[in-house]
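Structural features, examined
Okay, here's what each chain looks like letter by letter:
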Amino acid sequence: MPAIIKLLTTRGLADLQLGARNLQDATRHEPRDGVYTVGNTYSRTKTLLLGAHLDRLEDSARQQGFALEIDRKRLRAALRRMILDSDFGEVRFRISASAQAPEAMILSIEPFQPPSRALIARGARCVASGETRHNPASKHSEWMHRRQAFEAARPAGIYETILLDPRGRLLEGMSSNVYVALDGELRTAGSGVLAGISRMIVFQVCAGFWPLRDEAANIADIGRFEEAFLSSSSRGLIPVVEIDGQSIGAGRPGAKTMALRAAYRQWVAQRLEEL
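Residues numbered from 1 in each chain as written. Predicted model: local features only at pLDDT ≥ 70, side-chain atom pairs only at ≥ 80, totals over all residues. Heavy atoms only, no water.

1. Describing the overall build of the protein chain
- When its secondary structure is counted, the protein chain shows 7 helices and 16 strands.
- In terms of C-alpha radius of gyration, the protein chain reaches 18 Å, essentially the compact-globule figure of 19 Å for 275 residues.
- Across its three principal axes, the protein chain shows a C-alpha extent of roughly 55 × 35 × 30 Å.
- Pairs at least 24 apart in sequence give 68% of the contacts found in the protein chain among residues at least 6 apart.
- In the form shown here, the protein chain has an accessible surface area of approximately 12400 Å², with 48% of it arising from carbon and sulfur atoms. (Helix = DSSP H or I, 4+ residues; strand = E, 2+ residues; numbered from the N terminus. Rg over C-alpha atoms; globule rule 2.2 N^0.38 Å. Contact = heavy atoms within 4.5 Å. Areas by Shrake-Rupley, 256 points an atom, 1.4 Å probe, with all protein chains shown as cover.)

Spelled out as structure tokens, the structure:
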């Protein structure tokens, strides 16, 4: 099913008559001077921490130099209407606004496809890159456009590209946060990354599994990585078993990662709310 793209204005929802196969394809219709957030629904119209997504969207706009004040009640009602009018069931959605016209927000939805059981069972293979992005703390639309070229150039079978700083420290994925178990601690970059919504959840639930250290692991220590995983709002936790062709730990999803993934899913299930 193709994505549905609408414009939310003070007068309501307007159909933009824009075609797109999915949200990735719909990126070409997005302004480059804006901000965005991506999430998904559960049981058709339930969401997780949508308020936090919108808080971050407004903060991203401030960092990009423009004011964004979201009418949250109106936005929730519009997103719900789009979902109910579609035949998608659960959806993955994107909410974006441009610096030129922040009062009009673009709402895009597609059918939600959770990570496959096969991916979770075998784990994800990743590659590392020295590519950097300006102001990673902001979800700037320019990055949404730039990363498409990198995603299109990935070799077959590679799930995510992990960004490194000049010293070789693992910062984040193109669209995810990155975590490494090293020396009995869970390591993740404390700066130079987007403070993802899923990252906040990991911080909440990881205490029973690892001590948390908000300092990035270095790619030079990959031979000592015990486990690794990614997180993002619409995918949850994805175990990582390989970076640049080198296996992580035993080369299969780690036991603690899988247990943390279950705890993460339970945390989510207890905090869903209706649009």
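Next comes the rest of the account.
2. Describing the side chain of E110
- Mapped onto the secondary structure, E110 falls in strand β6 (residues 105–111).
- Beyond its immediate sequence surroundings of up to four residues, E110 is in contact with N22, L23, F88, E90, V91 and R92.

3. Looking at the packing of helix α6 (residues 197–205) against helix α7 (residues 255–269)
- α7 packs onto α6 with a crossing angle of 110 degrees between their chain directions and a minimal axis gap of 10 Å. Classified by the angle their axes make, α6 and α7 are roughly perpendicular. Contacts between α6 and α7 involve S198, M200, I201, V202, Q204 and V205 on the former and, on the latter, L260, A263, Y264, W267 and V268.
- Its residues assigned to classes, the contact of α6 with α7 comprises 9 nonpolar, 2 polar and no charged. (Axes fitted to C-alpha atoms, helices over the stretch in contact; angles between N-to-C directions. Parallel < 35°, antiparallel > 145°, perpendicular 65-115°, else oblique. Nonpolar A, V, L, I, M, F, W, Y, C, P; charged D, E, K, R; others polar.)

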